[in-house]
Amino acid sequence: MEIAWFKRDLRVHDHAPLAAACASGRPVLPLYIVEPELWQQPDASGRQFTFLVESLTDLDRSLAARGGRLVVRMGDAVQILHDLHAAHGITGIHAHQETGNLWSFARDEAVRRWARGADVPMHEAQQHGVWRALNNRNGWAARWEAMMREPRLPAPQAIPMADVASEALPEAAALGLAPDLCPGRQRGGRRAGLALLRSFLSERGRPYRAAMSAPDSGADHCSRLSPHLALGALSMREVLHAAAAARLRWKDAGDTRFTGSIDSFISRLHWHCHFIQKLEDAPWLEQHCLHPAYAALPAHDAARLAAWAEGRTGWPFVDACMRSLNATGWLNFRMRAMVMAVASYHLRLDWRHSGAALARLFTDYEPGIHWPQVQMQSGTTGTNIPRIYNPVKQGHDQDPDGDFIRRWLPELAHLPTPLVHEPWLAQDDRVMRPAYPAPLVDHEQAAREAKAAITAIRRDPAHGGPARAIVAKHGSRRAGLPDTTRRRKTAAVNNQGQLDL
């Protein structure tokens, strides 16, 4: 039999491995392996697993409509493939290339070694605009455009199903995952993703360009496709094709606001693959600084990390963002950048710990975007301009009336607007001082110290050589994707890499 091994590509449309397995003329086993060790990694959470189960259930419906079904097995991937080969005989394994965390990188290497030893052909197809064994970015953009212009593969009309039993999907607790209440979490599955794509391109996306920066408006007017792209319920190519078609429709209708917003959205689809390519080229990014000069990381501070992750820093806008993220599993990109920068610059937290804490909170966790962005917002790349956000100013800019803060920090709801951003100023008898923690540190002094520390590292003559090598290997070559190694106007810098989709 031929195995179509599903990992983070949970769809039947535009799915090269499934199409190749069905074209073989042999029985096909659509296989998903629940790997307990993967769910014990520090970036995994119960909300992600629940979203996965919903997506797998939807995938099973799509397979059943074509005469197939999803076969689930739980355990070590190599052992499961070995047992299936011994019992049934595997004539080929078809899968998409995956750029996941460092654990999945090692697992894929182990599966390839087993396949070579067992003389089982292993066919890995490219899923995104991400290339293996890339030495530099020369020509990357043209290759991305060419791949994305290719026609989408149709779903197989019929799946010649292999006669192999399936196990039931386990409960999250069976994988050692703690209870993870996330009442505002998005639902998984291709149907939910398609509904979001349609509503974004037909109505919700019109104010996208202006609305994406603030957490409340971003929640409504960003596409919200990121978790469905992260698990592959939708392919990047079909999303891009749908966006391009919608742009033509709105252009013909004379709606320049909508066409401008779709242009911004399409640029972020490029950025999606640009950042995943970084992790593909440097799989160790979740553990080691991209530039070695920043390797001296601060000591782990568990109490300060918990206060930040739970929304108890004493900075209302930061805390509102973190409490919103805890409750919904989603946050717009600019606020993701801010909370990560606050963790690294103001609170001096080890980015590996704060990055893992954020990963667990994101329903849409995409390692290839997450870890390069964690390092970018922590100032450890050695090439990007450090963005040290002022957590109070960001609140005034993105939540001027304080509505977002009051929604997520009800203990501050009684404060007038000027004080809701700085409750420590509520000191007279006319305004009741809230039961809210004082700021963990003086944010202005912390920002000055962080800037001074980075400046000292960058002034070292030894800093330049590795920085130039990083730009050569990882830097964008595409017009329209700004070179963040040089200072630009504030608007261009702030818009760079908005990956909230």
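Residues numbered from 1 in each chain as written. Predicted model: local features only at pLDDT ≥ 70, side-chain atom pairs only at ≥ 80, totals over all residues. Heavy atoms only, no water.

**Some thoughts on the packing of helix α14 (residues 333-346) against helix α17 (residues 391-398)**
Part 1 of the reasoning: As a packed pair, α14 and α17 sit with axes 11 Å apart at the nearest point and diverge in direction by 165°. What the angle tells us is that α14 and α17 run roughly antiparallel. The handedness of the crossing between α14 and α17 is left-handed. On the side of α14, the interface is formed by R334, M335, M338, V342 and H346, while α17 contributes P391, Q394 and Q398.
Part 2 of the reasoning: Looking at the contact of α14 with α17 residue by residue, the class counts come to four nonpolar, three polar and one charged. (Axes fitted to C-alpha atoms, helices over the stretch in contact; angles between N-to-C directions. Helix = DSSP H or I, 4+ residues; strand = E, 2+ residues; numbered from the N terminus. Parallel < 35°, antiparallel > 145°, perpendicular 65-115°, else oblique. Left-handed = near helix turned anticlockwise from the far one by under 90°. Contact = heavy atoms within 4.5 Å. Nonpolar A, V, L, I, M, F, W, Y, C, P; charged D, E, K, R; others polar.)

**Thoughts on the packing of helix α6 (residues 190-204) against helix α11 (residues 256-281)**
Part 1 of the reasoning: Their axes nearest at 10 Å, the elements α6 and α11 cross at an angle of 140°. Contacts between α6 and α11 involve F200, L201, S202 and E203 from the former and F258, I262 and F265 from the latter.
Part 2 of the reasoning: Here the residues of the contact of α6 with α11 are counted per class, giving five nonpolar, one polar and one charged.

**Digging into the nonpolar core**
Part 1 of the reasoning: W308, C321, M338, V339 and L358 are the most contacted members of the largest nonpolar core, which totals 49 residues.
Part 2 of the reasoning: Elements with a minimum of two residues in this core: α12 (302-310), α13 (316-328), α14, α15 (351-361), α16 (367-378), α18 (403-408), α19 (417-420) and α20 (443-458).
Part 3 of the reasoning: Of the residues forming this core, the biggest block, ten residues, is contributed by α14.
Part 4 of the reasoning: Setting aside residues up to four positions removed in sequence, M338 forms contacts with F317, V318, C321, Y389 and Q394.
Part 5 of the reasoning: Among the nonpolar cores identified, the runner-up in size contains 35 residues, and A141, F200, W250 and I276 belong to it. (Core = buried A, V, L, I, M, F, W, Y, C linked by side-chain atoms within 4.5 Å. Buried < 20%, exposed > 50% of the residue type's maximum accessible area, 1.4 Å probe, protein only.)

**Observations concerning the side chain of R224**
Part 1 of the reasoning: Its location among the elements puts R224 in the loop between α8 (215-221) and α9 (226-230).
Part 2 of the reasoning: Despite its burial, R224 pairs with no opposite charge, the nearest such side chain being D220 at 6.2 Å.
Part 3 of the reasoning: Side-chain polar atoms of R224 contact the backbone oxygen of A219, separated by 3.0 Å. (Lys, Arg positive; Asp, Glu negative; His and termini not counted. Salt bridge = Lys/Arg side-chain N within 4 Å of Asp/Glu carboxyl O. Polar contact = N/O pair within 3.5 Å; in protein donor to acceptor, adjacent residues only side chain to side chain.)

**Details of the pattern of salt bridges**
Part 1 of the reasoning: Applying the stated criterion across every chain yields a total of 28 salt bridges.
Part 2 of the reasoning: The partner of K7 in a salt bridge is D108, and the shortest N-O contact between them spans 3.2 Å. With K7 in the loop between β1 (2-6) and α1 (16-23) and D108 in helix α4 (residues 102-118), this residue pair connects regions lying 101 residues apart in the sequence.
Part 3 of the reasoning: The salt bridge involving E98 is made with R8; its shortest N-O contact spans 3.2 Å. Note that E98 is positioned in the loop between β4 (92-96) and α4 and R8 in the loop between β1 and α1, a separation of 90 residues in sequence. Here E98 and R8 have matching classes, each one buried.
Part 4 of the reasoning: It is possible to trace a salt-bridge network through shared partners that takes in K7, R8, E35, E98, R107, D108 and E366.

**Structural notes on the sheet that holds β4**
Adjacent strands of a sheet pair through backbone hydrogen bonds, lying either parallel or antiparallel.
Part 1 of the reasoning: In spatial order, the strands read β3-β2-β1-β4-β5; together these five strands make up an open sheet with parallel pairing. With partners counted over all chains shown, the strands left at the sheet margins are β3 (71-74) and β5 (122-125), one partner each. Going across the sheet, the axis of each strand differs from the next one's by a mean of 30°, ignoring polarity.
Part 2 of the reasoning: Summarising the sheet, β4 and β5 pair through four bridges and their orientation is parallel. Each residue of the ladder has a partner; that of H94, found in β5, is H123.
Part 3 of the reasoning: Running over the sheet, α1 touches β1, β2 (28-34), β4 and β5 and is turned about 160° from β4. (Pairing = 2+ DSSP bridges.)

**Side note on the side chain of D9**
Part 1 of the reasoning: Along the chain, D9 falls in the loop between β1 and α1.
Part 2 of the reasoning: Within the buried set, D9 has no salt-bridge partner at all; the shortest N-O distance to an opposite charge, 6.0 Å, is to R11.
Part 3 of the reasoning: In this structure the side chain of D9 is engaged in a polar contact, spanning 2.8 Å, whose partner is the side chain of H96.
Part 4 of the reasoning: Each residue touching D9, except ones within four places of it in the same chain, is listed here: H15, H96, Q127, L231 and G232.

**Here we look at the packing of aromatic side chains**
Part 1 of the reasoning: For the coordinates displayed, the defined rule picks out nine aromatic pairs.
Part 2 of the reasoning: Between F200 and Y208 the ring centres are 5.4 Å apart and the planes differ by 85°, which places this aromatic pair in the edge-to-face class.
Part 3 of the reasoning: F200 sits in the buried class, given a relative accessible area of 1%.
Part 4 of the reasoning: Taking the relative accessible area as the measure of exposure, Y208 reaches 0% and is therefore buried.
Part 5 of the reasoning: Ring centres of Y208 and F265 lie 6.1 Å apart, and the angle between their planes is 80°; on these two criteria the pair is classed as edge-to-face. Pair noted here: Y208 is in helix α7 (residues 208-211) and F265 is in helix α11, with a separation of 57 residues, a long-range link. (Phe/Tyr/Trp six-rings, centres within 6.5 Å; stacked < 30°, edge-to-face > 60°.)

**A closer look at α11**
Along an α-helix, residues three or four positions apart point the same way, because every turn accommodates 3.6 residues.
Part 1 of the reasoning: Here α11 is 26 residues long and its end C-alpha atoms lie 38 Å apart, about the 38 Å a rise of 1.5 Å per residue gives.
Part 2 of the reasoning: In terms of residue burial, α11 counts as a mostly covered element, since 23 of its 26 residues are buried. (Expected span 1.5 Å × (residues − 1).)

**Here we look at the pairing of β1**
Part 1 of the reasoning: Within β1, five of the five residues are buried, which leaves the element mostly enclosed by the surrounding structure.
Part 2 of the reasoning: Alternating residues of β1 divide into E2, A4 and F6 and I3 and W5, and every residue in both groups is buried.
Part 3 of the reasoning: Bridge count between β1 and β2: five bridges; the pairing is parallel. Bridged to F6 within β2 is Y32.
Part 4 of the reasoning: At this point the chain moves from β1, through α1, to the parallel β2, and the crossover so formed is right-handed.
Part 5 of the reasoning: Judged from the four bridges that link them, β1 and β4 form a sheet pairing that is parallel. Counterpart to A4 in the pairing with β4 is H94. (Right-handed = clockwise from strand over helix to strand, strands pointing away.)

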